[in-house]
Amino acid sequence: MVKMVSHGKHIAIIIQQLDKFNPEIQSMEDFLNESAKLLKTLNVTDQEFALDTLAGCIKYKSLLDVVVNAFFVQDGRYCLIAERNLYIVICYLATFQLEELGLQHFSRIVKSLDTAKMQKFLRFFFNPLYLNTWIKDEWSRFYDSLYVKENWIDPLLRWQPKVQQLIEQLTDKLSNRTTTVKTSMVTQPKEFNLTVPKPRAIPIPLPIPVLEKGLPVPPSTYKPPKEKKQLEQIRTQNRQKAEDLLLKANADRFKCAIMKSEKAENTQYEDSIKSKFQAQKVQRKIDNIPIKLNAAAILREGALYQRKMEQELKRIENLLQGARDPSEFLEWQKQMRDKDLEEQLAEIEYRRLRGKLSYEEAALAHQNVIQENKKKADLMREEKADLMHQYEEKRLQEQQEVRDLVEQVIEGHKNAKEAKIKLQKYKQEIVQKVCEEKKELHRQALEEDEEKLRKRSELIQQIRLIGLLPSIRHKFVDLTETGGHGLTCEMSIVELRERLALLREEQKAAEEERRDQIIHEKQAKEQLLLDKLDQILVFRGELSRAAALKKEEEKRKPQSGERLVKDERILDLQKRIVEKKKEREKQEGLSKITPQKSSIASRKDTFQWKHWNELEDSRERQFKIFQHGFMARETAQKMSAYEEARNGAKVCILHSEVK
């Protein structure tokens, strides 16, 4: 058992240390180490007791908070929140250390503290009903319920009769104690000599709203609503609009919904229009339009031409030293790329024809499936008609049975409705009486509040009239005098104004000097830009003459036509496609399907055929674009290489002229 000399002093030290603990800033181990340094003044036994209590209160904080929070809500409503750690320490000692301390030592600790607070908390905590119900349930949320019952709840219930005797002793002490007033020296504060503030104006309270009389029930409650008629009108209008839209949709059908004969007429009409229309080539006229350049563009273009001249000089020096001309390699590279392009084009044409052949085969298979489906559909229609006839007979029998059952239920509901109406009238009479009594009480309360409000408003008006009395204050200011604070840098307002005027004049002179300097810098920069612009014009003239000569040489060369290599696989596929197409057209002519029954199938076929034609056209366009782009890239690379070799001498001459 732990023996302690001054129980209240040690409990106060523990509470003081708990107030300092902040789990967000420091850990429990660091806090206990710091506390051990502060508790070195105590003996070993007291120090161990204090550290164990601190560690237990921090470790089981969640369990102790459940009890202490409930105590502040129920019995401790008027207790101070600052004393929270006191109740946590007592709760920890009663729950976890009562077996070790013993009842006698625990009683000494409790009696050394405030009697009223301890009596109230122990009576709340050792209530058997609380221990067996909500305390046990809340603690079971953190630990196993069986562990809570065996280790904490059962020992507390075992100690409850003895602790109850301690609570009764505390109650007797509270009832029989005599209040002893200790006379001690009390500090008497002195008032500060502060300026008395003006009293605040008391706001006039708003008048209490008078209860308005309720409006009677409108007669429209017992009449059918107008919205029902409006909804019917809107419904008829919407139906008419839908019919009009259906007629327009049937009149202006899409191309996929047009019959085959109509579609043929439309295609002939479109072909005639296309034949009439002839696209005209746009004649482009490229004029040498002057372009206005800013300073950055002029400097950037000048640096570009300077860099090009340096590159050309370096290339010519390399040629003079024995470098090789890359024209032979470029020619071989072009031949190899042309060969690769022809192989790619042949492969693309082969794949396209394979796709067209698979489409023709799929169309033949689709026509065969349509014929089989027609036969199956006729059999299913006959079976469906028999089943519908049987279903109609069965449905009529069920409807007759339901009508008989409904008539029986309606007769039973009539008697129940009469009883409900009588009960509703009786309840309405009671509600009317209660409402009248409530209105009378409310009216009396409003009259009393209005009388109080009137007296308060009169008093406030009198106070405001007293505060509105005028007070005359005169203060004369001499601008030539100083403040008189005893400082060496004091000056009057007139002297301050003169000094500010002198500073403004100095600032204006500095601004004029800076402005002149900026103007000179700007003129120098404009002169530099003009020199650069003259140099750029000379370069552009020489480059335009070189471009004109290059264009004339290109016109003289004969244009080579595009040639597509066809191998044996492509020719074989083209023959097979023609044979399949003839076979499909022959089968369509033999079948002779009527337009009423096969309208859906014919529309699907025409749509698929149109889709296939569009897909094939798009592939041909992509093939031509790919071929043109590949050839354009090759020619551009080759021409750029030849251009460097051809114009090298001209650039060198131009460079020497500019220097």
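Residues numbered from 1 in each chain as written. Predicted model: local features only at pLDDT ≥ 70, side-chain atom pairs only at ≥ 80, totals over all residues. Heavy atoms only, no water.

A. Up close: a nonpolar patch on the surface. Where nonpolar side chains cluster on the molecular surface, the patch consists of Leu423, Tyr426, Ile430 and Val434 and spans about 390 Å² of accessible area. One can find Val434 in helix 14 (residues 327–467). Here Val434 falls in the partly exposed class, since its relative accessible area comes to 47%. (Patch = residues over 30% accessible without salt bridge, like charges linked within 9 Å, V, L, I, M, F, W, Y side chains within 5 Å. Areas by Shrake-Rupley, 256 points an atom, 1.4 Å probe, with all protein chains shown as cover. Salt bridge = Lys/Arg side-chain N within 4 Å of Asp/Glu carboxyl O. Helix = DSSP H or I, 4+ residues; strand = E, 2+ residues; numbered from the N terminus. Buried < 20%, exposed > 50% of the residue type's maximum accessible area, 1.4 Å probe, protein only.)

B. Quick peek at the packing of helix 3 (residues 44–59) against helix 5 (residues 84–96). With their axes 10 Å apart at the nearest point, helix 3 and helix 5 run at an angle of 100° to one another. By the angle between their axes, helix 3 is roughly perpendicular relative to helix 5. Across from Phe49, Asp52, Thr53, Gly56 and Cys57 in helix 3, the residues of helix 5 making contact are Ile88, Val89, Tyr92 and Leu93. Here the residues of the contact of helix 3 with helix 5 are counted per class, giving six nonpolar, two polar and one charged. (Axes fitted to C-alpha atoms, helices over the stretch in contact; angles between N-to-C directions. Parallel < 35°, antiparallel > 145°, perpendicular 65-115°, else oblique. Contact = heavy atoms within 4.5 Å. Nonpolar A, V, L, I, M, F, W, Y, C, P; charged D, E, K, R; others polar.)

C. Structural detail: the packing of aromatic side chains. Overall, the coordinates contain 20 aromatic pairs when judged by the stated rule. Geometrically, the ring pair formed by Tyr87 and Phe121 is tilted, given 5.4 Å between the ring centres and 35° between the ring planes. Placement of Tyr87 in helix 5 and of Phe121 in helix 8 (residues 115–125) is noted, with a sequence separation of 34 residues between them. Ring plane angle 90° and centroid distance 5.3 Å describe the contact between Tyr143 and Trp152, whose orientation is recorded as edge-to-face. Judged by its relative accessible area of 5%, Trp152 falls in the buried class. Chaining the aromatic ring pairs together yields one cluster made of Phe71, Phe72, Tyr87, Phe121, Phe124, Phe125, Phe126, Tyr130 and Trp134. (Phe/Tyr/Trp six-rings, centres within 6.5 Å; stacked < 30°, edge-to-face > 60°.)

D. Examining the side chain of Glu301 more closely. With respect to the helices and strands, the residue Glu301 is situated in helix 13 (residues 295–320). Reaching out from Glu301, the side chain makes a polar contact with the side chain of Arg540 at a distance of 2.8 Å. Those residues in contact with Glu301 that sit more than four places away from it in its chain are Leu293, Ile536 and Arg540. (Polar contact = N/O pair within 3.5 Å; in protein donor to acceptor, adjacent residues only side chain to side chain.)

E. Region of interest: the nonpolar core. Of all hydrophobic cores here, the largest spans 59 residues; its most connected members are Leu93, Leu122, Phe125 and Trp139. Excluding its chain neighbours within four sequence positions, the residues that come into contact with Phe125 are Val67, Cys91, Ala94, Thr95, Leu131, Ile135, Trp139 and Leu156. If you look at the next biggest cluster of nonpolar residues, it comprises seven residues, including Tyr350, Leu353, Leu357 and Leu573. (Core = buried A, V, L, I, M, F, W, Y, C linked by side-chain atoms within 4.5 Å.)

F. The arrangement of helix 8 in detail. Burial in helix 8 covers these residues: Thr115, Met118, Gln119, Phe121, Leu122, Phe124 and Phe125. Those residues of helix 8 that are buried are in contact with helix 4 (61–73), helix 5, helix 7 (103–111), helix 9 (128–140) and helix 10 (145–176).

G. Here's a closer look at the pattern of salt bridges. Taken as a whole and assessed by the stated rule, the structure comprises 22 salt bridges. For the salt bridge of Glu138 with Arg141, the shortest nitrogen-to-oxygen distance reads 3.1 Å. For Arg454, the salt bridge goes to Glu458, with nearest N and O atoms at 3.2 Å. Taken together, the residues Arg454 and Glu458, both in helix 14 and four residues apart, mark about one turn of the helix. Taking the relative accessible area as the measure of exposure, Arg454 reaches 39% and is therefore partly exposed. What you see here is one network of salt bridges that share partners, running through Lys61, Asp65 and Arg84.

Everything listed here is a matter of coordinates, which is why it stays silent on function.
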